[in-house]
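Here's the letter readout for the chains.
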Amino acid sequence: MNSAVLTESPPAQNQRPEKRRRKTASVIPGFGLTLGYTVLYLSLIVLIPLSAAFFKASLLTWAQFRDIFTDPEVLLAFKLTFLSSMEAALVNTFFGLLVAWVLVRYRFPGRRLLDSMVDLPFALPTAVAGIALTEIYASTGWVGSFLDRFGIEVAYTPLGVIVALIFIGLPFVVRTLQPVIEDLDLEAEEAAASLGASRWQTFSKVIFPTLIPSLFTGASLAFARVLGEYGSVIFISGNLPMKTEIVPLIIVNKLEQYDYPGATAIACVMLLLSFSLLLFINLLQKWVGSKAPVR
């Protein structure tokens, strides 16, 4: 018998198996239908109304546009709005961090109630919040009567505007920081303590650097939210011309005077500023996500 020479094939491990692409079943319809519905929905609700505002503002000449924004009343309203929003965001940054830390790290009676009260500005109508703040901080109110003894006036002053904006913006900082504080590595804190670090050194050198990106995100969200606040401010501010007028109030006044081009011009500027803030927040959140440790 002739011996047959058998040629062996290369080992299986050197061969790359063919990758089979499996289509994952989706709960919602296909990409084309969902994308079309999304674009249609955003166009009807967001894009078309905003485009109409920009179109109305484009009817103004450069001289008319300049006259609107060189009006002393408008300039003072922008100054008060931005300074008050920035000051409120700074206050909320400090106290929001304090509130979030207490709610996460400590257990005490009434903690869940206090945690629920943080979301109260989300659920409470802003007009109701403005009326309540006015009653409390007026010269005859509970807090206002006490502050009046020291010559501090809150209601119907720029300070009242800041108080209302603090009330509205606090939940954004607290809710942004809470999950980050919950995910902090306790072993790093214990290691710092075992090496002789004090509580302040542990917080400033180990904990706080981790919280900085989220702290900036929460402060930016609070600033962007209170920048266009109207309902809670109009009551406590008193809407005094050249003193406590904010930009949204100027827009409403121009609409009541049928000055639609002027109102839309101011609204478009506020819209561009708000969009820039939101873009900054999204980029900041993306940066935070890239810096997060992989577990």
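In the block above lies the structure referred to throughout.
Please read all numbers here as calculations on a predicted model, not as lab measurements.

Caption draft 1: Structural detail: the overall build of the protein chain. Looking only at helices and strands, the protein chain features 13 helices and 0 strands. Reading the protein chain from its N end, one meets helices and strands in the order α-α-α-α-α-α-α-α-α-α-α-α-α. Here the protein chain, with 295 residues, has 33% of them falling under the buried criterion. Put simply, 76% of the contacts in the protein chain that link residues at least 6 apart link residues at least 24 apart. Of the accessible surface of the protein chain, which amounts to about 19,900 Å², a share of 65% is contributed by carbon and sulfur atoms.

Caption draft 2: Looking closely at the packing of aromatic side chains. Per the counting criterion, the structure on display carries 12 aromatic pairs. Between the aromatic rings of Tyr 37 and Tyr 41, the centroid separation amounts to 6.2 Å while the plane-to-plane angle is 25 degrees, which identifies the pairing as stacked. Residue Tyr 37 and its partner Tyr 41 are both found in helix α1 (residues 31–58); the two are separated by 4 residues, about one turn of the helix. Arranged with centres 6.1 Å apart and planes meeting at 20 degrees, the rings of Trp 62 and Phe 65 form a pair that is stacked. Of this pair, Trp 62 and Phe 65 both sit in helix α2 (residues 62–69), separated by 3 residues, roughly a single helical turn. For Trp 62, a relative accessible area of 64% translates into the label exposed. According to the relative accessible area criterion, Phe 65 is partly exposed, its value standing at 26%.

Caption draft 3: The arrangement of the pattern of salt bridges in detail. A complete count under the given rule lists 5 salt bridges for this structure. In this structure, Arg 175 engages Asp 119 in a salt bridge whose closest nitrogen and oxygen atoms are separated by 2.8 Å. You can see Arg 175 sitting in helix α8 (residues 158–182) and its partner Asp 119 sitting in the loop between α4 (111–118) and α5 (120–123), a full 56 residues away along the chain. By relative accessible area, Asp 119 is classed as partly exposed at 29%. The residue Arg 225 makes a salt bridge to Glu 229 at a minimum N-O spacing of 2.7 Å.

Caption draft 4: A look at the side chain of Glu 245. Take Glu 245: it is sitting in the loop between α11 (231–237) and α12 (247–256). As a buried residue without a salt bridge, Glu 245 has its nearest oppositely charged side chain in Lys 254, at a separation of 9.9 Å.

Caption draft 5: Highlighting the environment of Tyr 106. On the secondary structure map, Tyr 106 appears in the loop between α3 (72–105) and α4. Apart from residues no more than four positions distant in its own chain, Tyr 106 is found in contact with Trp 101 and Arg 111.

Caption draft 6: Region of the structure containing the nonpolar core. Of all hydrophobic cores here, the largest spans 22 residues; its most connected members are Ile 68, Phe 69, Val 74, Phe 78, Val 247, Ala 265 and Ile 266. Counting residues per element, the ones that place at least two in this core are α1, α2, α3, α10 (199–227), α12 and α13 (260–291). When residues in this core are grouped by element, the largest group, 7 residues, is from α13. Excluding residues that lie within four positions of it along the chain, Ala 265 makes contacts with Ala 57, Leu 60, Phe 65, Ile 68 and Phe 69.

Caption draft 7: Summary view of the environment of Leu 165. Looking at the element boundaries, Leu 165 is found in helix α8. It is 8.5 Å that separates the C-alpha atoms of Leu 165 and Leu 227, two residues lying 62 residues apart in sequence. Setting aside its immediate chain neighbours within four residues, Leu 165 contacts Ser 84, Ser 85, Ala 88, Asn 92, Val 226, Glu 229 and Val 233.

Caption draft 8: Quick look at unusual backbone geometry. The backbone of Asn 239 shows a phi angle near 55 degrees, a positive value even though the residue is not glycine. Turning to its location among the elements, Asn 239 is positioned in the loop between α11 and α12. One non-glycine residue, Met 242, adopts positive backbone phi at about 65 degrees. In this structure, Met 242 sits in the loop between α11 and α12. For Met 242, a relative accessible area of 46% corresponds to the partly exposed category.

Rules used in this analysis
- Residues numbered from 1 in each chain as written.
- Predicted model: local features only at pLDDT ≥ 70, side-chain atom pairs only at ≥ 80, totals over all residues.
- Heavy atoms only, no water.
- Helix = DSSP H or I, 4+ residues; strand = E, 2+ residues; numbered from the N terminus.
- Buried < 20%, exposed > 50% of the residue type's maximum accessible area, 1.4 Å probe, protein only.
- Contact = heavy atoms within 4.5 Å.
- Areas by Shrake-Rupley, 256 points an atom, 1.4 Å probe, with all protein chains shown as cover.
- Phe/Tyr/Trp six-rings, centres within 6.5 Å; stacked < 30°, edge-to-face > 60°.
- Salt bridge = Lys/Arg side-chain N within 4 Å of Asp/Glu carboxyl O.
- Lys, Arg positive; Asp, Glu negative; His and termini not counted.
- Core = buried A, V, L, I, M, F, W, Y, C linked by side-chain atoms within 4.5 Å.

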